[in-house]
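Structural features, examined
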Amino acid sequence: MQLLNKHPESLLDVKMHYCPGCGHGIIHRLVAEVMDELNIRTKTIGVAPVGCAVFADTYFNCDMIQGPHGRGPAEATGIKRAKPDSIVFSYQGDGDLASIGMAEIVHAAIRSENITVIFVNNAIYGMTGGQMAPTTLMGQKATTCVDGRTAKQAGYPIKMSEMLATVDGATYLERTTVHTAPGVLKTKSAIKKAFQNQIDCKGFSMVEILSMCPTNWGTRLDNPSEATKFVAEGMLPVFPLGVYKDLKRD
Amino acid sequence: MAEKKLMKGNEALSEGAIRAGCRFFAGYPITPQNEVPEYMSWRLPQVGGAFVQAESEVSAINMVYGAGATGVRCMTSSSSPGISLKQEGISYAAGADLPIFIGNIMRGGPGLGNIAGAQGDYWQATRGGGHGDYRCFVMAPNSVTELANFPHKCYEVSFKYRLPSMVLADGILGQMMEPVEFTTPEVDPKTLTEPAWALGINNGRAKRIVKSYDLKEGGVEIMVNERVQRYKAIEAAETMYEEKMLEDAEIAIVAYGISARVSVAAMKLARERGLKVGLFRPITLWPFPKARIVELSKRIKHFIAVEMSLGQMVEDVQLALNGRSEVHLYAKPGASVINAEDVCNVIEKIVKKGAKEYAAAK
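Just so you know, these numbers come straight off a predicted model, no measurement behind them.

A few points about the overall build of chain A
Summing up its helical and strand segments, chain A has 10 helices and 7 strands in all. Projected onto the principal axes, the alpha-carbon positions of chain A cover approximately 50 × 50 × 30 Å. Each of the 250 residues in chain A was classed as buried or not, and the buried ones make up 57%. Counting only contacts in chain A whose residues sit at least 6 apart along the sequence, the fraction spanning at least 24 positions is 68%.

In structure tokens, the structure reads:
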């Protein structure tokens, strides 16, 4: 019998704390497979966020740092400038990146910091129990907008890839999804490109990945298709997939 | 004798950090410390280091958090309002045992306050400043030469004991020019061994994690208690102070930084008026030289804290003395400059007339 797929070396074989149906496990595996394929594990330093992925520092099998909420791109900047030969990625959720860390992500892009950002957008605060995120959809219920998000109370969801596309320093921006198998494969190639860009010193790359949060969306845990349906019908119209920026820099 | 150069305080601090091995700096403009990032921006590339002008103080301290995690000697600097913004990052660095170095050129506060030199951030610097149980090693220079040479000691202590360190100066010291002598040895970072915790190219060794959290029950308690042992070692080995004319003194001025500078003149004036005044200058503010003050209290019955704040350091003097001697306070907040004549007059009133209005609040 031939082994077609093995556990990636870049991901430790440990029990993860993620909820059933959550997309983080898939995305962790994709990042790890890419690290294996590009043979960069031993020189990669990952930045774990505050949020559901806080324990990413214990899951990835590379050097890791965990710091303050939203400051991942700043930490990554310090690491990359101090150790330019290392490969640095910042792994962040939507509360971390698009709310408290908005300044850090925008300015990392403005400086065209040669780092890779993995941005997991599930339109909710997961770790803290389902509060409204800057990416929460109009009408979507959350524990801080129990009747659904309204424009009058909380404005509109932020589209990070579209916004960062206006920043000259951003080199590569793509939005993908992990709610379907083809989406997972596409996500992997986007992640690979975002790391390859860093190896080639092309500057700031970010992959925005739409992901499921059955627990805090209130969709049924025993029926994952409810959550994937929320991505397909709720999120995709607001956050269209695609490449938002792909500059060829020398 | 080492070469002497005429330098501005902020530039001396910057050059001193580079000579002590600093190879990464991130900062944000704020008066009166702007010469630090300005100097670092052209000087660091000359020695193969990196400079980043961050979008905020918050970002700058986190860049330093990241750089510090790789084991390089790194620095950020700011002034009072900016240091407030850095407190979150300083707390994380303390919690992750990172040896980062911070230059704090204090100005008048609270709030936006003003841009002149002040000493109103003593509590913030010596009591942690950010959230949680931790300490920073804090040194208070009183001259441009000390600004130039203290970064060396800060890095030594920071790396040996794994904690953030700070030079706490003020806008007057930062802006004034004096002849500077670099007396500490120049450090070539290439000769330093990489710390066993540093993130980087791992060549197959086990992965390393830099973090400040532990959610296991009792986990953080263990982390903090381990740090407490290091704090005790620092108190025992790294406390620094300076004494002037205390041998026969009946009253001791206790002052640090620019206030100590003024107090030297006040002391001389008082001596001319026949008052037996000496000066005790804490050089490390944390650890505060408590034991030496207690020793001095065996023969000195009056201590007068002189500071440019509402009276902050005076509490450390009181804590040390614990009622052993009389503690008085002459303090001016809001970046108002004290002068020697006034200090001398206050001493005269206390000693000759038994004035009570300067007694430190108990």
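Picking up where we left off.
Some remarks on the overall build of chain B
Scanning chain B from terminus to terminus reveals 12 helices and 15 strands. For 362 residues, the compact-globule formula gives about 21 Å, and the C-alpha radius of gyration of chain B, at 21 Å, lands near that figure. Across its three principal axes, chain B shows a C-alpha extent of roughly 75 × 50 × 40 Å. Per-residue burial over chain B gives 54% buried out of 362 residues. Across chain B, every contact between residues at least 6 apart in sequence was considered, and the portion connecting residues at least 24 apart equals 79%.

Points about the interface of chain A and chain B
Frequently, the measure chosen for interface size is the accessible area that the parts lose on association. The interface is formed by 27 residues belonging to chain A together with 33 residues belonging to chain B. For the side of chain A that touches chain B, the elements supplying multiple residues, two or more each, are β2 (63-66), α3 (72-82) and α5 (102-110) of chain A. A total of 8 residues in the side of chain A that touches chain B trace back to one element, the largest contributor, which is α3 of chain A.

Digging into the nonpolar core
In globular proteins that are soluble, nonpolar side chains generally tend to be buried together. Counting residues in each nonpolar core, the largest one holds 184 residues, and the members touching the most others are I118 of chain A together with C74 of chain B. Both of domain 1 (4-202 + 224-237) and domain 2 (241-353) of chain B provide at least three residues apiece to this core. For C74 of chain B, the contacting residues outside a window of four places in its chain are A82 of chain A together with C22, F24, F25, V64, A67, G68, I100 and F101 of chain B.

Topic: the domain arrangement of chain B
All names here are of chain B. The domain boundaries assigned to chain B delineate domain 1 (4-202 + 224-237) and domain 2 (241-353). A C-alpha centroid distance of 27 Å is found between domain 1 and domain 2. Looking at the side of domain 1 that touches domain 2, the elements that each hand over two or more residues are α5 (122-126), β6 (137-139), β7 (165-170), α7 (171-175) and α8 (219-237). Top element by residues in the side of domain 1 that touches domain 2 is α5. It accounts for 4 residues. Classifying every residue of the side of domain 1 that touches domain 2 by side-chain character gives 16 nonpolar, 8 polar and 4 charged.

Thoughts on the sheet that holds strand β3 (residues 50-53) of chain B
All names here are of chain B. Across the sheet, 7 strands lie side by side as β3-β2-β4-β5-β7-β6-β13; this open sheet has mixed pairing. At either end of the open sheet lies a strand with only one pairing partner, and these are β3 and β13 (284-286). Between one strand and the next, the sheet's axes are offset by a mean angle of 20°, whatever the strand orientation. As paired elements, β6 and β7 share 3 bridges and run parallel to each other. Considered in β7, the bridge of V138 is made with M166.

Re the environment of M132 of chain A
Residues and elements named next belong to chain A. Locating M132 in the fold gives a position in the loop between β4 (116-121) and α6 (151-154). Note: C-alpha distance between M132 and L3 (129 residues apart in sequence) is 44 Å. Residue contacts for M132: discarding those within four places in its chain leaves A142, T144, C145, R149 and A154.

Concerning the sheet that holds strand β5 (residues 170-177) of chain A
On the basis of which strands lie adjacent, the open sheet formed by 8 strands has the order β7(A)-β5(A)-β6(A)-β4(A)-β3(A)-β1(A)-β2(A)-β9(B) and mixed pairing. Across the chains shown, the open sheet's two edge strands, defined by having one partner strand only, are β7 (242-246) of chain A together with β9 (209-210) of chain B. Relative to β9 of chain B, β2 of chain A runs parallel, the two sharing 2 bridges. Bridging across to β9 of chain B, M64 of chain A finds its partner in I209 of chain B. Lying over the sheet, α3 of chain A contacts β1 (44-48), β2, β3 (87-93) and β4 of chain A, oriented at roughly 175° with respect to β3 of chain A. Against the sheet, helix α8 (residues 181-199) of chain A contacts β3, β4, β5 and β6 (204-210) of chain A, and its axis sits at roughly 165° relative to β5 of chain A.

Let's talk about the environment of M308 of chain B
Residue and element names in this part refer to chain B. Within the secondary structure, M308 is located in the loop between β14 (302-307) and α11 (313-321). Distance in space between the C-alpha atoms of M308 and K4 is 30 Å, their sequence separation being 304 residues. Among residues more than four places away in sequence, those in contact with M308 are A118, Q119, I258, S259, K332, A335 and I338.

Some points on the packing of α3 of chain A against α5 of chain A
Residues and elements named next belong to chain A. In contact at an axis separation of 7 Å, α3 and α5 are set at 40° when each is read in the N-to-C sense. Relative to α5, α3 is oriented oblique. Residues G72, P73, A74 and T77 of α3 touch α5, and the partners they reach there are E104, I105 and A108. Across the contact of α3 with α5, the residue classes tally to 4 nonpolar, 2 polar and 1 charged.

Concerning the environment of T219 of chain A
Residue and element names in this part refer to chain A. If you trace the backbone, T219 turns up in the loop between α9 (214-217) and α10 (225-238). The class for T219 is partly exposed, based on 18 C-beta atoms found within 10 Å. Sequence-wise, T219 and A154 are 65 residues apart; in three dimensions their C-alpha atoms are separated by 23 Å. Aside from chain neighbours lying at most four places away, what touches T219 is P214, E226, A227 and F230.

Details of helix α4 (residues 80-95) of chain B
Residues and elements named next belong to chain B. For α4, with 16 residues, the first-to-last C-alpha span of 22 Å sits near the 22 Å given by 1.5 Å per residue. Approximately 45° is the largest bend angle found in α4, and it occurs at K86. The buried count for α4 comes to 12 of 16 residues, which makes it a mostly enclosed element. Of the residues making up α4, those classed as buried are S80, G82, I83, K86, E88, G89, I90, S91, Y92, A93, A94 and G95. Buried-residue contacts for α4 involve α3 (57-69), β4 (74-78), β5 (101-106) and α5. Among the residues trailing α4, D97 stands out with phi positive, at a value near 60°.

Thresholds, definitions, all that
Residues numbered from 1 in each chain as written. Chains lettered and ligands numbered in written order. Predicted model: local features only at pLDDT ≥ 70, side-chain atom pairs only at ≥ 80, totals over all residues. Helix = DSSP H or I, 4+ residues; strand = E, 2+ residues; numbered from the N terminus. Buried ≥ 20, exposed ≤ 12 C-beta atoms within 10 Å, placed from the backbone. Contact = placed C-beta atoms within 7 Å. Rg over C-alpha atoms; globule rule 2.2 N^0.38 Å. Core = buried A, V, L, I, M, F, W, Y, C linked by C-beta atoms within 7 Å. Domains from an automatic or database assignment. Nonpolar A, V, L, I, M, F, W, Y, C, P; charged D, E, K, R; others polar. Pairing = 2+ DSSP bridges. Axes fitted to C-alpha atoms, helices over the stretch in contact; angles between N-to-C directions. Parallel < 35°, antiparallel > 145°, perpendicular 65-115°, else oblique. Expected span 1.5 Å × (residues − 1). Bend = angle between axes of the 7 residues up to and from the residue.

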